[in-house]
Amino acid sequence: MRTQVGIVGAGPSGLILASLLNRAGIDTVVLERRDPEYLLSRIRAGLLEQGTVDMLDEIGVGARMHRERLIHEGVELAFDGRRLHVDLKKLSGKVVTIYGQSEIQKDLMDAHKAAGSAIVYEAEDVSIHGITGDKPSLRYTRHGKPHELTCDFIAGCDGFHGVSRQTIPQDVLRIYERVYPFGWLGILSDTPPVNPELIYCNHERGFALCTMRSNTRSRYYLQVAVDEDPEDWSDERFWTELKRRLPSDVADRLVTGPSIEKSVAPLRSFVAEPMRYGRLFLAGDAAHIVPPTGAKGLNLAVSDIRYLSRALIAHYKEKRADLLDRYSEDCLARIWKAQRFSWWMTNLTHRFPEALPFERRAQQAELAYIESSVAAQTALAENYVGLPFKD
Ligand code: APR
Ligand code: PHB
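Residues numbered from 1 in each chain as written. Chains lettered and ligands numbered in written order. Predicted model: local features only at pLDDT ≥ 70, side-chain atom pairs only at ≥ 80, totals over all residues. Heavy atoms only, no water.

1. What to know about the domain arrangement of the protein
Where we set the bar: Domain extents, as shown, originate in an automatic or database domain assignment. By definition in these notes, contact holds between two residues if any of their heavy atoms fall within 4.5 Å. What gets called buried area is simply the loss in accessible area from a 1.4 Å probe that two parts show on being joined, summed for both. Salt bridge, as applied in this entry: a Lys or Arg side-chain nitrogen positioned within 4 Å of an Asp or Glu carboxyl oxygen. Distance and chemistry together define a polar contact, namely a pair of N or O atoms within 3.5 Å, with one atom able to donate a hydrogen and the other to accept it when in protein, and with adjacent residues in sequence counting only for side-chain atoms on both sides. Here a helix means four or more residues in a row that DSSP labels H or I, a strand means two or more in a row labelled E, and each is numbered from the N terminus.
Assigned domains within the protein: domain 1 (5-72 + 95-177 + 268-351) and domain 2 (181-267 + 353-383). Taking only C-alpha atoms, the centre of domain 1 and the centre of domain 2 are 28 Å apart. With 25 residues of domain 1 in contact, the opposing surface of domain 2 contributes 30 residues. With both sides pooled, the region where domain 1 packs onto domain 2 buries about 2400 Å², and carbon together with sulfur makes up 61% of that total. Among the residues of domain 1 in contact with domain 2, Leu348, His350 and Arg351 are the three that bury the most area, contributing 31% of the side total. Run the count over domain 1 and domain 2 and you get zero salt bridges. Between domain 1 and domain 2 we count 12 residue pairs in polar contact (both at pLDDT 80 or more) in total. For the side of domain 1 that touches domain 2, the secondary-structure elements that each account for two or more residues are strand S4 (70-72) and helix H11 (322-349).

2. Some words on the site of ligand 1
To keep things clear, this is the line we draw: If even one non-hydrogen atom of a residue comes within 4 Å of a molecule or strand, that residue is called near it. For accessible areas, the Shrake-Rupley method is used with a probe of radius 1.4 Å. Any residue's cover is judged against the shown protein chains and nothing else.
Around ligand 1 lies a shell of 24 residues, among which Ser13, Glu32, Arg44, Gln101 and Asp285 are the nearest. Between ligand 1 and the protein, one listed contact pairs an oxygen atom with a side-chain N or O atom of Ser13 at 2.7 Å. Separating an oxygen atom of ligand 1 from a side-chain N or O atom of Glu32 is a distance of 2.6 Å. The protein chains hide 91% of the 690 Å² of surface that ligand 1 would expose on its own. Of all the secondary structure elements, the ones that give two or more residues to the shell around ligand 1 are helix H1 (12-23) and helix H10 (297-318). In terms of residues, the shell around ligand 1 owes the most to one element, H10, which gives three residues.

3. Comments concerning the sheet that holds strand S15 (residues 208-212)
Short version of the rule: Each pair of strands is called paired provided DSSP finds at least two bridges between the two strands. Lines fitted to C-alpha atoms define the axes here, with helix axes fitted over just the stretch in contact, and angles between the N-to-C directions of these axes take values from 0 to 180 degrees.
One open sheet holds the eight strands; their spatial order is S6-S5-S14-S15-S16-S13-S17-S20, and the pairing between them is mixed. In this open sheet, the two strands that pair with only one neighbour each are strand S6 (82-86) and strand S20 (288-289). Most of the contacts of helix H13 (residues 374-384) go to S6, to which it runs at about 60 degrees, and overall it touches strand S5 (75-79), S6 and strand S14 (199-202).

4. What to know about the side chain of Thr349
Stated formally: Each residue is assigned to one of three classes by its accessible area relative to the maximum for its type, calculated with a 1.4 Å probe on protein chains only: buried under 20%, partly exposed between the two thresholds, exposed over 50%.
Looking at the secondary structure, you find Thr349 in helix H11. For Thr349, a relative accessible area of 2% puts it in the buried group. Among the polar contacts made by the side chain of Thr349, one reaches the side chain of His350 at a distance of 3.1 Å. With near-sequence residues (within four places) excluded, Thr349 lies in contact with Leu77, Tyr200, Cys201, Asn202, Phe207, Thr293 and Gln363.

5. Here's the deal with the side chain of Lys296
Take Lys296: it is sitting in the loop between S20 and H10. Since its relative accessible area comes to 4%, Lys296 is described here as buried. A polar contact is formed between the side chain of Lys296 and the backbone oxygen of Tyr384, at a distance of 2.9 Å. Setting aside residues up to four positions removed in sequence, Lys296 forms contacts with Glu49, Val290, Ala338, Phe341, Ser342, Asn383, Tyr384, Val385 and Gly386.

Here it is, written out as structure tokens:
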């Protein structure tokens, strides 16, 4: 079998890339290890920058999002018994969209199904060959049968645990990583959100976040030890702990109910450079991970795909190599700014178990500074809504 661009992974990165290329008349095959049911069952964040909304519109999968989304013009920080409303719209001119990533995954899969796209689910043992030559290939097995797919280019959209990044020789790859000494315990429940906007709470018992999927479905997170077992958290224990960390007027309004999902996720900052090696291009979680505090994971994946699709289209339509050559540099410029912001938001809002009293006082001073300074709030707002693209 042969295709122009072989894509490993059918998460948001792989499926959006396939849509953009197919619309430009470029042939793709997506190889995905899991089955469709598994992809649809994954619970991820749900906050979209305008650039992500525009991308979903560009590939024609934005209709349900526009019907069902919530638009947030601001966000709140709670700390030391106070609450600060940051007016995103006034300070940055932009808003953010609340729409769950599981819904995006469904919209993308439905659109590909309708278009009859080449997506091979349950592709096992995917391996990547010949990336430094001009005919790279992907080998895999399906239901025990071996297959080979010859390509012009390979896009590694296979997430943090995928095979693509590992195919790049270790002496070429530079890894930048920070692992945080805590995790997030998240629950989803069919209860109305406690507040119309998200609240990021810095509390002595640990960070808490109130977020939502819709006017009837809430998502809450608690900072916990990274090895915490979600089984040890009954719904009642979760709600009691959440109430203790929220400002008291918010806690009084909290509507509780049975959880639909409960899980612990570790927090990590990670970047692999370069994002291109020969004819292999990494995108999304395959190349970088952010802690969820700024909700940048999906938004960054979409910005990589924006650069990669434009570079591949320029190659095929205009015989230009410059955008492919600049791919890694263009992506990393934006990625590092989002990494810095996610790390900063994490430091600002969490309680670090080993923090010196000095560091805690500096954190309090920073929160007080943001409270008193329009310039500081503007910096937060413009990063939160998403920094501009290069072109
Ligand atoms: N072979 C084939 N497919 C693979 C392999 C492999 N060896 N390894 C992983 N995959 C698949 C996974 O099953 C998954 O469906 O690659 C896909 C990667 O998808 P995501 O992890 O969602 O990564 P990405 O598409 O880059 O999305 C980035 O979305 O999923 C969130 O947290 C993520 O917010 C981030 C954003
Ligand atoms: C979410 O809705 O799950 C969410 C929102 C904002 C974040 C992280 C997660 O910063």
